[in-house]
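Listed below, chain by chain, are the residues.
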Amino acid sequence: MTTEKVDVLLVGGGAMSATLGTLLNRLDPSLKITLVERLDHVAHESTDGWNNAGTGHAGYCELNYTPQTADGDVEIDRALSINANFEISLQLWSYLVRQGGLPEPENFINTTPHMSFVWGEDNVAFLRRRHEKLSAHHLFKEMEYSEDPAVLNEWMPLVMEGRDPDEKVAATRIPHGTDVDFGSLARNMVKSLQESDNFNLLLSHEVNDFDHAKDGSWHVRVKDRTSGKSKTIQADFVFLGAGGGALPLLQESGIDEADGYGGFPVSGMWLVCKDPAIVARHSAKVYGKAAIGAPPMSVPHLDTRIINGEPALLFGPFAGFTMKFLKSGSKLDLLKSVSVSNLMPMVDVGFNNMDLTKYLISEVRQSHKERVSTLRDYFPDCKADDWTLARAGQRVQIIKKDGSGRGKLEFGTELVAAKDGSLAALLGASPGASVAVQAMIEVLERCFPEKMAAGWNQRLKEMIPSYGESLKTDAALLERVRSDVLDTLKIGE
Ligand SMILES: Cc1cc2nc3c(=O)[nH]c(=O)nc-3n(C[C@H](O)[C@H](O)[C@H](O)COP(=O)(O)OP(=O)(O)OC[C@H]3O[C@@H](n4cnc5c(N)ncnc54)[C@H](O)[C@@H]3O)c2cc1C
């Protein structure tokens with residue numbers, strides 16, 4: 001068996017590894033980096049355009065990021081953080097466009113106003129309060145609000161036509177919202193990395209075993225899925241950017257920090273319409289409120305999408321029950337992930353989330369007619385024949401131990417890193433690819449602290465001007481940064 005030696009091994013070719021590889025290559029072009037991807041293309045799992053919703057998550061329209069408190073108020077902290085983190089992604093993408101590391105922005109990002117839409121007295125009161133609080137903050141100051149059906153009709157004609165004129169409705173709008181083709185973005189990042197002599201891409205290769213050597217490096221077994229042959233790659237640093245596949249790999253690594261983690265896979269489906277006459281009448285991402293009892297990842301939305309240059313409308317997601325951790329994974333994934341250390345947390349979550357499991361199973365069993373009937377809440381005049389069903393990607397929600405050692409289910413993302421900084425894994429899927437840059441900066445800060453202090457932090461600031469400062473508290477900084485990124489990425493024109 002042959003052994004190759006690299007500085008950095010990136011496992012998985014999605015948005016996360018593409019972003020980390022890009023950052024590392026720009027911080028130190030002499031680093032030898034290998035990216036291993038089990039499929040024959042990069043970004044064909046969750047990062048592919050059709051496998052996610054492509055929302056540039058900035059907290060503008062997603063009502064689950066601003067929960068309502070028991071006294072009827074609205075918490076906005078999470079939306080502020082997500083917004084500031086998305087601005088960090090926009091800064092890196094702008095830098096790369098200017099440097100020729102990404103193509104013209106319309107190849108991966110397009111202006112799509114972000115709107116929230118609700119009906120009924122209580123929901124209208126919630127949205128009004130949400131708007132009051134968010135628009136008072138500089139990050140959200142452009143947010144518009146209306147209860148006037150004529151205004152809403154202009155913003156979202158498909159949503160308003162055929163609706164009961166006596167129904168109380170309200171909406172908010174941010175004109176500079178975005179639709180992002182994360183698949184195109186990641187593929188272009190990897191394409192640019194391939195221009196470097198120090199970057200190596202191994203497609204159709206799968207990582208399946210690890211050995212932590214005495215010198216601190218990792219000996220990683222990689223199998224060529226075409227020839228069946230295996231080889232070992234020795235790496236000083238390993239990043240598990242394997243999406244749903246990150247949890248089993250983290251368990252395989254045997255690091256203490258992996259103890260107790262489990263995964264709860266959730267599948268998704270979209271209704272898709274490609275009829276140009278209908279697509280031309282909707283230019284927005286319209287997010288509503290999740291049905292009572294539904295998990296946060298199934299907030300319904302009617303979206304304009306541009307994937308590989310092709311416009312379409314997409315509605316969903318309809319969540320579903322699955323045993324697979326990857327769309328192209330195995331039905332044994334969930335079972336194989338159960339270990340002594342996570343058995344109890346997984347059993348806890350299983351027992352405490354029966355309602356969620358029942359909800360997911362009922363979603364899978366829905367007929368086309370039932371799904372179209374949900375779509376009618378957002379597009380009353382839609383015709384069932386104009387819409388087809390498409391499979392989205394998988395999400396693996398994190399199961400971990402709480403303070404008392406019991407299992408709990410989390411809906412965010414989490415970086416798990418070995419204490420010596422030699423290996424890190426990203427678990428979970430929300431808010432996802434939109435905040436990939438901030439997530440990968442966290443990898444750099446936790447795993448390369450000395451290099452950061454020795455100059456990488458200054459280099460990072462050239463790429464991301466707000467790095468080290470707070471966009472949440474510094475309104476003048478936000479003003480400068482935002483006008484620059486909107487201009488470079490041609491957003492809001
Ligand atoms: C239905 C849905 C809707 C979403 N909507 C949005 C949205 O609107 N906005 C947003 O920002 N995010 C969204 N997300 C989340 C976003 O898609 C993910 O957070 C992001 O794509 C994850 O990127 P990744 O690189 O971690 O994983 P992936 O893109 O899944 O890439 C992981 C790669 O690792 C490979 N791999 C796995 N195991 C191995 C192995 N052993 N060896 C080698 N390679 C391996 C896989 O083949 C895959 O290519 C959504 C996700 C889903 C499922």
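Residues numbered from 1 in each chain as written. Predicted model: local features only at pLDDT ≥ 70, side-chain atom pairs only at ≥ 80, totals over all residues. Heavy atoms only, no water.

Enquirer: Would you mind going over the overall build of the protein chain in detail, with residue names and values included?
Expert: Each helix and strand counted, the protein chain has 15 helices and 20 strands in total. The C-alpha radius of gyration of the protein chain comes to 22 Å, within 12% of the 23 Å expected for a compact globule of 493 residues. Dimensions of the protein chain, computed from the C-alpha atoms along their principal axes, are close to 70 × 50 × 45 Å. Across the 493 residues that make up the protein chain, the buried fraction comes to 57%. Per element, the accessible surface of the protein chain, about 20,400 Å² overall, is 50% carbon and sulfur. (Helix = DSSP H or I, 4+ residues; strand = E, 2+ residues; numbered from the N terminus. Rg over C-alpha atoms; globule rule 2.2 N^0.38 Å. Buried < 20%, exposed > 50% of the residue type's maximum accessible area, 1.4 Å probe, protein only. Areas by Shrake-Rupley, 256 points an atom, 1.4 Å probe, with all protein chains shown as cover.)

Enquirer: So what's going on with helix α10 (residues 343–352)? Which residues, and what values?
Expert: All buried positions along α10 are accounted for by Pro 345, Met 346, Asp 348 and Val 349. Angular distribution of buried residues about the axis of α10 spans 160 degrees; they occupy a single face of the element. Here the buried face of α10 lies against β12 (262–273), α9 (333–336), β17 (395–401) and β18 (407–410). (Arc of directions from axis to C-beta. Contact = heavy atoms within 4.5 Å.)

Enquirer: Residue-level account of the environment of Ser 298, with values.
Expert: Position of Ser 298 among the secondary structure elements: in the loop between β13 (285–287) and β14 (301–307). A residue is classified by how much of its surface remains accessible, and Ser 298, at 5% relative accessible area, is buried. Ser 298 sits 60 residues away from Val 238 along the chain, and the two C-alpha atoms are 32 Å apart.

Enquirer: Account for the packing of helix α1 (residues 15–27) against helix α13 (residues 436–447), with residues named and values stated.
Expert: Orientation of α1 relative to α13, taken along the N-to-C sense of each, is 55 degrees, at an axis distance of 9 Å. Accordingly, the angle class assigned to the pair α1 and α13 is oblique. Of the two elements, α1 crosses α13, and the hand of that crossing is right-handed. When α1 is examined against α13, the residues Ala 15, Met 16, Thr 19, Leu 20, Leu 23, Leu 24 and Leu 27 are found in contact with a partner set consisting of Ala 436, Val 437, Met 440, Ile 441, Val 443 and Leu 444. Along the lines of polarity and charge, the residues of the contact of α1 with α13 split into 12 nonpolar, one polar and no charged. (Axes fitted to C-alpha atoms, helices over the stretch in contact; angles between N-to-C directions. Parallel < 35°, antiparallel > 145°, perpendicular 65-115°, else oblique. Left-handed = near helix turned anticlockwise from the far one by under 90°. Nonpolar A, V, L, I, M, F, W, Y, C, P; charged D, E, K, R; others polar.)

Take it as geometry only, folks, not as evidence of what the structure does.
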